[in-house]
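Structural description and commentary
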Amino acid sequence: MKGTKGIENPAFIPSSPDTPHRLSASPSQVEVSALSSDTQRESSQPQESPESHKSWEPPLPSSTAPASEERPGPQSEFEEGPCGWSNLHPQCLQRCNTPQGFLIHYCLLALTQGVVVNGLVNISISTIEKRYEMKSSLTGLISSSYDIAFCLLSLFVSFFGERGHKPRWLAFASFMIGLGALVFSLPQFFSGRYQLGSIYEDTCSTTRNSTSCTSSNSSLSNYLYVFILGQLLLGTGGTPLYTLGTAFIDDSVPTHKSSLYIGIGYSMSILGPAIGYVLGGQLLTMYIDVAMGESLALTEDDPRWLGAWWIGFLISCFIAWSLIVPFSCFPKHLPGTAKIQAGKISQTHQNKSSSLQHTDENFGKSFKDFPAALKNLMRNTVFMCLVLSTSSEALVTTGFATFLPKFIENQFGLSSSFAATLGGAVLIPGAALGQILGGVLVSKFKMTCKNTMKFALFTSGVALVLSLIFIYAKCENEPFAGVSESYNGTGELGKLTAPCNSNCSCSRSYYYPLCGIDGVQYFSPCFAGCSNSVSDKKTKAYYNCSCIEGKAEITPMADNFGFEAKAGKCETHCANLPIFLGIFFVAIIFTFMAGTPITVSILRCVNQNQRSLALGIQFMLLRLLGTIPGPIIFGVTIDSTCILWDINQCGIKGACWIYDNIKMAHMLVGIAVTCKVITIFFNGFAIFLYKPPPLNTDVSFQNQNAVVTTVAVERDLNKAGNEG
């Protein structure tokens, strides 16, 4: 690297005769390299400055000298050692005592955490609602409990864990994730056998009594607190994983490799939900009480069917606990960390408004230092802009992750299970691929902090343009009797009851759509006036339907009956699904390509010993401003497009059955564009504000006892540069 170009290349620079000396710039104890490019060309040997002899620390020797001779004091800070416990260090474990070995275990834990938190929990929510008689608002509280725990603990764990033994913190995280998964499954073993109840008669019957309003006093809803406890424990385990684990990876590898390792680790946390959805979906095909030997002649099409949602949590518990031992055997720092840190170059944002604080090697070990460390980070404008950028992006990504299956289901007339499969097939691989590509490109081109932020800005801009696909992917609602179509010219729009079904005593709480041969969809066989039905292996058909016309087109079937309707929604005439999935997949890739670069930028623009706390602040605000309100905002927005609600006998509004597709598409694209614009604004503002260390100065990380306060005092830094 040439001195005239400053720190344009953040790549790892090993200790060698070609490496510029680090000078001690009194009084800041910040080691500075200030050789000119002419001096570097004249001689490949180290040139000692007279000022360096006045310093208490000798110049950096050649790579042939051991690290312990370079820095007698700071070396103990790293506590590099073999893999093992106390005096037990099996030789077979030393193969894992590398960044690659740690990354493998980190990926396994991130994968397990993603399987449980974003996979199994989400796919089990609807089953839990039915089994334990909970409202959606209560299950929404269950989903948010993880983020609540993360927000409460992230600052403290990241602050105290920065100076601690990070691998042992991850061993603790493995224990808590396993414990949380176990607790989440406990209601299955204490709630007794699932009572099926009688199936609802879905056909029209003039003798059926109208159902009276009855309130449920079941105690099953009290298991809500057990589910919340499980989520809180999972949140406690997830906190060290994404703060201390990321910082440990950044410690252990050269600068230009950090983005690649972090991208791989984050991609595993995204693949986790995909595995969780697949695993959970397969387990839901098993009956809920399979452990009790229950085997009923009941199919998944029966509304009373509940799947074995709890098995996946037990499997995840054992996997998480199996990682406790591997993490506990890693040393505080991997071998070679001190040498890697000595070769790194600081790219910390230089804030003119801040002053150079006195550094103390004990800073950060006491709780009284927490406010000062927090204040120091909050005054870093570049860091705060990047955090707000990721928070805005998290709001839209979590919203789509939650409601994309519902959007696909309603826009294109698909079943909920198939829509969830398509949503997962697009969202999860696209997000994982984006994370890996972002890390690979930043690593390959060895981008500086500023160039990394520019790269994230570019990918966010492309994602903004592609998000407009929602405007063109919209589909008109199919005809629906009582909602968008009348019953053969009778009845009123907005009312499911008409003269043709007024004597059937139909319930609006039982939504079982069927498609008539007239091309109109009906709320249920009862509201279609169908009095008889017949089933085969594939579908269920209805006849003698008083509300359906067009009987001349009926095709006789097995029993010589003319069938007028079949179970399920009418096929949509909208052909935009392949185009939508293709463009949305590319949009997801570009959206998540910015994830790893932004994380790397945050690690670079803050002081070396505040990286864990910086990640803690990032994830706390990301959840407070992004992942927690995201699903809520999307949910409220989608509910505002509802045109047919479930209203029970007591007049209480429940779930929405039918949405206005056009309005839904417009509302979602409005949210997406707004969030993308906010993301781009703060990302661009961070690029504008970012000021790297002055030209001709390389701030090294050799002296790890100089903690958290490497901020600019231009007079001292310029003086050090001139002396070099």
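What you see is a predicted model; the values in this text were computed from it and never measured.

**Concerning the overall build of the protein chain**
Across its full length, the protein chain holds 24 helices and 10 strands. Evaluated residue by residue, the protein chain yields a buried proportion of 54% over its 724 residues. Across the protein chain, the fraction of contacts at a sequence separation of at least 24, relative to all contacts at a separation of at least 6, is 80%. Approximately 31,000 Å² of the protein chain is accessible, and the part contributed by carbon and sulfur atoms is 60%.

**A closer look at unusual backbone geometry**
Here Lys446, not a glycine, exhibits a phi torsion of approximately 50 degrees, which is positive. Taking the relative accessible area as the measure of exposure, Lys446 reaches 36% and is therefore partly exposed.

**Digging into the pattern of salt bridges**
Counted according to the given criterion, the structure contains eight salt bridges. For Asp147, the salt bridge identified is with Arg623, shortest N-O distance 3.1 Å. Of this pair, Asp147 sits in helix α6 (residues 136-161) while Arg623 is found in helix α21 (residues 611-627), placing the two residues 476 residues apart along the sequence. Residue classification places Asp147 among the buried residues on the basis of a relative accessible area of 11%. Of the residues examined, Arg623 reaches a relative accessible area of 9% and is grouped as buried. Each of Glu162, Lys166, Asp250, Asp251, Arg604 and Arg611 takes part in one network of salt bridges that share partners.

**Focus: the state of the cysteines**
Taken as a whole and assessed by the stated rule, the structure comprises six disulfides. Here Cys204 engages in a disulfide with Cys504; their sulfurs sit 1.8 Å apart. Because the torsion about its S-S bond is -80 degrees, the bridge between Cys204 and Cys504 counts as left-handed. In this pair, Cys204 is assigned in the loop between α8 (187-190) and α9 (224-252) and Cys504 in the loop between α18 (469-472) and β3 (514-516), connecting sequence segments 300 residues apart. What pairs with Cys500 in a disulfide is Cys547, and their sulfur atoms sit 2.0 Å apart.

**Describing helix α11 (residues 311-322)**
For an α-helix the count is 3.6 residues per turn, leaving residues at separations of three or four pointing the same way. In this model, α11 (12 residues) spans 17 Å end to end at C-alpha, consistent with the 16 Å of a helix rising 1.5 Å per residue. Within α11, burial applies to Ile311, Gly312, Phe313, Leu314, Ser316, Cys317 and Ala320. Tucked into the core, α11 has its buried residues touching α5 (99-131), α7 (166-185), α8, α10 (255-283) and α12 (324-328).

**Here we look at the environment of Ile264**
For Ile264, the position within the fold is in helix α10. Ile264 sits in the partly exposed class, given a relative accessible area of 28%. When the C-alpha positions of Ile264 and Gly439 are compared, they lie 7.6 Å apart, and in sequence the two are 175 residues distant. The residues contacting Ile264, other than those within four sequence positions of it, are Leu103 and Cys107.

**Some remarks on a nonpolar patch on the surface**
Together, Leu141, Ile148, Leu152 and Leu232 give the surface a local cluster of nonpolar side chains, amounting to about 330 Å² of exposed area. In terms of residue count, the dominant contributor to the nonpolar patch is α6 (three residues). Position of Leu152 among the secondary structure elements: in helix α6.

**Observations concerning the packing of aromatic side chains**
Considering all chains together, one arrives at 34 aromatic pairs under this definition. With a centroid separation of 5.2 Å and 75 degrees between ring planes, the pair formed by Phe681 and Phe682 is classed as edge-to-face. Grouped by ring-pair contacts, the aromatic residues Tyr132, Phe184, Tyr223, Phe227, Trp309 and Phe313 constitute a single cluster. Residue placement shows Arg131 over the ring face of Tyr132; its charged tip is 5.3 Å from the ring centre.

**A word on the nonpolar core**
Nonpolar side chains in soluble globular proteins tend to be buried together. The biggest cluster of nonpolar side chains holds 95 residues, and the ones touching the most others in it are Phe102, Phe227, Trp309 and Phe383. When residues of this core are assigned to their parent elements, the largest contribution, 14 residues, is made by α5. In this structure, Trp309 is in contact with Ser124, Thr127, Ile128, Tyr132, Phe184, Ser185, Gln188, Phe227, Leu284 and Ile288, ignoring residues within four places of it in sequence. Residues Leu414, Ala419, Leu422 and Leu668 belong to the second largest nonpolar core, which totals 39 residues.

**Here's the deal with the packing of α9 against α10**
Where α9 contacts α10, the axes come no closer than 9 Å and their chain directions differ by 150 degrees. As far as their axial angle goes, α10 and α9 are roughly antiparallel. Seen along the crossing, α9 lies across α10 with a hand that is right-handed. Residue-level inspection shows Tyr242, Thr246, Ile249 and Asp250 of α9 in contact with α10, the latter providing Ser258, Tyr261, Ile262, Tyr266 and Ser269. Here the contact of α9 with α10 is composed, by residue class, of five nonpolar, three polar and one charged.

**Focus: the packing of helix α17 (residues 449-466) against helix α20 (residues 595-605)**
Helices that pack against each other are described as a pair by the angle of their axes relative to one another and the distance between those axes. Remark: α17 packs on α20, axes separated minimally by 9 Å, with the N-to-C direction vectors making an angle of 155 degrees. Our classification of the angle between α17 and α20 gives roughly antiparallel. With respect to the hand of their crossing, α17 and α20 are arranged in left-handed fashion. In this structure, α17 uses Cys449, Thr452, Met453, Phe455 and Ala456 to contact α20, whose residues at the interface are Pro597, Ile598, Ser601, Arg604 and Cys605. A class-by-class count of the residues in the contact of α17 with α20 yields seven nonpolar, two polar and one charged.

**Some points on the sheet that holds strand β7 (residues 565-567)**
One open sheet holds the five strands; their spatial order is β4-β3-β7-β6-β5, and the pairing between them is antiparallel. The sheet is open, and its two edges are formed by β4 (521-522) and β5 (530-535), each paired on a single side.

**Examining the environment of Thr398**
Structurally, Thr398 can be placed in helix α15 (residues 381-412). Separated by 236 residues in sequence, Thr398 and Phe634 have C-alpha atoms that sit 9.2 Å apart. Apart from the residues within four sequence positions on either side, Thr398 is in contact with Gly626, Thr627, Gly630 and Pro631. From its side chain, Thr398 meets the backbone oxygen of Leu395 in a polar contact 3.2 Å long.

**Concerning the confidence of the model for the protein chain**
Mean pLDDT for the protein chain: 76, with 75% of residues reaching 70 or above. In the predicted structure, residues 1-76 sits below a pLDDT of 50 and forms 148 contacts with residues beyond four places in sequence or in another chain. A low-confidence stretch, residues 697-724 (pLDDT under 50), is modelled with 99 contacts involving residues beyond four sequence positions or located in other chains.

**Examining the pairing of strand β6 (residues 540-545)**
As paired elements, β5 and β6 share five bridges and run antiparallel to each other. Within β6, the position partnered with Asn532 by the bridge is Tyr543.

About the cut-offs
- Residues numbered from 1 in each chain as written.
- Predicted model: local features only at pLDDT ≥ 70, side-chain atom pairs only at ≥ 80, totals over all residues.
- Heavy atoms only, no water.
- Helix = DSSP H or I, 4+ residues; strand = E, 2+ residues; numbered from the N terminus.
- Buried < 20%, exposed > 50% of the residue type's maximum accessible area, 1.4 Å probe, protein only.
- Contact = heavy atoms within 4.5 Å.
- Areas by Shrake-Rupley, 256 points an atom, 1.4 Å probe, with all protein chains shown as cover.
- Salt bridge = Lys/Arg side-chain N within 4 Å of Asp/Glu carboxyl O.
- Disulfide = S-S within 2.5 Å.
- Expected span 1.5 Å × (residues − 1).
- Patch = residues over 30% accessible without salt bridge, like charges linked within 9 Å, V, L, I, M, F, W, Y side chains within 5 Å.
- Phe/Tyr/Trp six-rings, centres within 6.5 Å; stacked < 30°, edge-to-face > 60°.
- Lys NZ or Arg CZ within 6 Å of the ring centre and 35° of its normal.
- Core = buried A, V, L, I, M, F, W, Y, C linked by side-chain atoms within 4.5 Å.
- Axes fitted to C-alpha atoms, helices over the stretch in contact; angles between N-to-C directions.
- Parallel < 35°, antiparallel > 145°, perpendicular 65-115°, else oblique.
- Left-handed = near helix turned anticlockwise from the far one by under 90°.
- Nonpolar A, V, L, I, M, F, W, Y, C, P; charged D, E, K, R; others polar.
- Pairing = 2+ DSSP bridges.
- Polar contact = N/O pair within 3.5 Å; in protein donor to acceptor, adjacent residues only side chain to side chain.
- pLDDT = per-residue confidence, 0-100.

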